[in-house]
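The primary structure of each chain is shown beneath.
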Amino acid sequence: MRISVLGTGYLGATHAAALACWGHDVVGVDVEPHRVEQLARGEAPFHEPGFAELLGDGVRSGRLHFTTDPAAVEQAEVHFLCVGTPQRRGEDGADLAALWTAVETLAPRLQPGSLVVGKSTVPVGTAALVQQHLDESTPGGGRRGEVAWNPEFLREAHAVEDSLRPDRLVFGVASDAAEARLRDVYCHPIADGVAVVRTDLQTAELAKASANVMLASRISVVNVLAEVCEAAEADVEGLTRILGLDPRIGPLYLSPGIGFGGGCLPKDLRAFVSRAAELGVDSASLLLGAVDDVNGHQRQRAVEAATALLDGRPRGRRVAALGASFKAGSDDVRDSPALAVAGALAELGAHVRVYDPQALRHLAGQSDLEVCHDVQSACEGAELTLVLTEWPEFAALDPAAVGRVVARRVVLDGRLVLDPEAWTRAGWTVMALGRGEAEPDPAARKAG
Ligand code: UDX
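Residues numbered from 1 in each chain as written. Predicted model: local features only at pLDDT ≥ 70, side-chain atom pairs only at ≥ 80, totals over all residues. Heavy atoms only, no water.

The domain boundaries assigned to the protein chain delineate domain 1 (2-199), domain 2 (209-298) and domain 3 (299-447). Put simply, the middle of domain 2 and the middle of domain 3, counted by C-alpha atoms, are 24 Å apart. For the pair domain 2 and domain 3, the summed buried surface comes to about 1600 Å²; carbon and sulfur atoms form 51% of the total. Counting the surface domain 2 buries against domain 3, the share from its top three residues, Glu230, Ile258 and Gln298, is 37%. One can count three salt bridges joining domain 2 with domain 3. Notably, a salt bridge pairs Arg301 with Glu227, separated by 3.9 Å at the nearest N-O pair. Here domain 2 and domain 3 share 16 residue pairs in polar contact (both at pLDDT 80 or more) between them. (Domains from an automatic or database assignment. Buried area = accessible area lost by both parts, 1.4 Å probe. Salt bridge = Lys/Arg side-chain N within 4 Å of Asp/Glu carboxyl O. Polar contact = N/O pair within 3.5 Å; in protein donor to acceptor, adjacent residues only side chain to side chain.)

Across the interface, helix H4 (residues 97-106) lies against helix H5 (residues 126-136) with an axial gap of 10 Å and an inter-helix angle of 30°. Classified by the angle their axes make, H4 and H5 are roughly parallel. Handedness of the crossing formed by H4 with H5: right-handed. On the side of H4, the interface is formed by Leu99, Trp100, Val103 and Glu104, while H5 contributes Thr126, Leu129, Val130, His133 and Leu134. (Axes fitted to C-alpha atoms, helices over the stretch in contact; angles between N-to-C directions. Helix = DSSP H or I, 4+ residues; strand = E, 2+ residues; numbered from the N terminus. Parallel < 35°, antiparallel > 145°, perpendicular 65-115°, else oblique. Left-handed = near helix turned anticlockwise from the far one by under 90°. Contact = heavy atoms within 4.5 Å.)

Neighbouring strands of a sheet are bound in pairs by backbone hydrogen bonds; such pairs are parallel or else antiparallel. With mixed pairing, the seven strands of this open sheet are ordered in space as S11-S10-S9-S12-S13-S14-S15. Looking at strand neighbours, the two that pair on one side only are strand S11 (369-371) and strand S15 (436-438), the edges of this open sheet. Taking each pair of neighbouring strands and ignoring which way they run, the sheet shows an average axis angle of 20°. Where strand S9 (residues 318-322) lies against strand S10 (residues 351-355), five bridges are found, and the strand directions are parallel. Within S10, the position partnered with Val319 by the bridge is Val352. On top of the sheet, helix H13 (residues 337-347) reaches S9, S10, S11 and strand S12 (384-387); it is set at about 120° to S11, its chief contact. (Pairing = 2+ DSSP bridges.)

Another aspect to go through is the pairing of strand S5 (residues 114-118). Taking burial as the measure, the five residues of S5 include five buried ones, the bulk of the element. Both faces of S5 are covered, namely the face carrying Ser114, Val116 and Gly118 and the face carrying Leu115 and Val117. Bridge count for S5 against strand S6 (residues 145-149) is five bridges, and the pairing is parallel. Across the sheet, Val116 pairs through a bridge with Val147, a residue of S6. (Buried < 20%, exposed > 50% of the residue type's maximum accessible area, 1.4 Å probe, protein only.)

In terms of nonpolar packing, the biggest core is built from 52 residues, with Leu322 and Val352 touching the most fellow members. When residues of this core are traced back to their parent elements, those giving at least two are helix H12 (283-309), S9, H13, S10, helix H14 (375-379), S12, strand S13 (410-413) and strand S14 (429-432). Considering every element that reaches this core, the biggest residue donor is H13, with six residues. Excluding anything up to four places from it in sequence, Leu322 contacts Tyr355, Val375, Ala378, Cys379, Thr385, Leu386, Val387, Leu388, Thr389, Phe394 and Leu397. In terms of nonpolar packing, the next biggest core, distinct from the first, is built from 38 residues, Tyr10, Leu19, Val160 and Tyr186 among them. (Core = buried A, V, L, I, M, F, W, Y, C linked by side-chain atoms within 4.5 Å.)

The next point concerns the environment of Arg301. One can find Arg301 in helix H12. Residues Arg301 and Gly414, spaced 113 residues apart in sequence, show a C-alpha to C-alpha distance of 9.8 Å. Of the polar contacts made by the side chain of Arg301, one reaches the side chain of Glu230; its length is 2.7 Å.

Take the packing of aromatic side chains next. Applying the stated rule across the entire model yields seven aromatic pairs. With a centroid separation of 5.0 Å and 20° between ring planes, the pair formed by Phe46 and Phe51 is classed as stacked. Of the two residues, Phe46 and Phe51, both sit in the buried class. Measuring from centroid to centroid gives 4.8 Å for Trp423 and Trp428, while their planes differ by 65°, and the two rings are edge-to-face. When sorted by exposure, Trp423 lands in the same class as Trp428, which is buried. Chaining the aromatic ring pairs together yields one cluster made of Trp22, Phe80, Phe171 and Tyr186. Taking the ring centre of Phe153 as reference, the NZ or CZ of Arg168 above it sits at 3.6 Å. (Phe/Tyr/Trp six-rings, centres within 6.5 Å; stacked < 30°, edge-to-face > 60°. Lys NZ or Arg CZ within 6 Å of the ring centre and 35° of its normal.)

Time to look at H5. Among the residues of H5, Thr126, Ala127, Val130, Gln131 and Leu134 are the ones counted as buried. For H5, the angular spread of the buried residues around the axis is 140°, confining them to a single face. Tucked inside the fold, the buried residues of H5 contact H4, S5, S6 and helix H9 (201-232). (Arc of directions from axis to C-beta.)

Laid out in structure tokens, this is it:
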């Protein structure tokens, strides 16, 4: 099948490469020439495990192309809308400018009988407006392109796996023909047994936003539980293990820490509240406003804990920040809790040196933070070490080795990834959000 993919960010590029892997002829169209050139050469413009290989295979097979030329969409019979829908500047709602540009690019170039499939996360009701726009722009009336919505649930750092083997495929369609066409597009994962849920356009649009609202809410709930654990001297990890064994709750998205960030959860939460308010549903803001506030509170708690560990005087103090990306496995720093905490401490006058295994190239414009290329140099002379992203290499650090380069063995674990016993045995004071402070082992103190 000939398919175009409009927008080649994390979502679009991975989706285009997955479609080519399933044997379709795919063209990815984007307005950014640099990104398109990179992708066309088979080079991944972002860090995503397995993506470079999938992209390279697609480009070498001749089935996967990238261009800035909008005319390239004319050959395709199915078009995926994969452009970004960021938060509107200064407001909570979604900015749909890129989506409308993509729709306007497509409208005059659609072959009769085309299917236009939205994958971007949009406010409920958008698909109907896209259909209306396409119908109004068809010369002489009639319908050239039918709209379907097929939300994407991929997680960064697992984008390839989630694209090739999704948990479920949601087909928001208005006709059997649209469903049949989508079943052809996805015949490989469907043959592998992936569940398909057929629904209407608006339910499909809501499915993605709702999943992210549920996930964000779980994280804020667990962060409140963690704060109570800390106050009551209870064991938050034991508590989440107990909760996770309840099949009604399950073990995932129960990791406390500095909270959620990234290009999706925070903005999807706010866009959902904004759209719900437009629809006259005020309870969304009551509940989800609190979820968002609790998430911001986690960042603030981390900054306060760090300040306290610096005896209330952060100005001029040397701080090592381990982690910049919003989560492990990704180089994405959009709305990163790690960068928010590091940046807030820099604003309070601390001299913050940051190391991240993948995200450092995105910190070029961040003049308040000093970039370091390994853990040891970030920690050199540090009076406080912060662990802000849950990279496995931070969990595996040797506390004795790090202890030899820092000025003070004090660490704030913002992701609960360090083994407190190993670190206190090596003479560290370990503060962890939700777990409180653990003093260095007295034997280690003597030895140190
Ligand atoms: C999310 C959704 O998971 C995905 O289905 C959707 O398509 C896009 O948005 P992603 O943005 O890649 O994916 O991040 P996710 O893995 O969900 O993590 C979001 C944030 O929550 C990260 O900052 C992560 O560190 C944090 N998190 C996650 C926690 O703080 N605790 C947890 O238990 C889980």
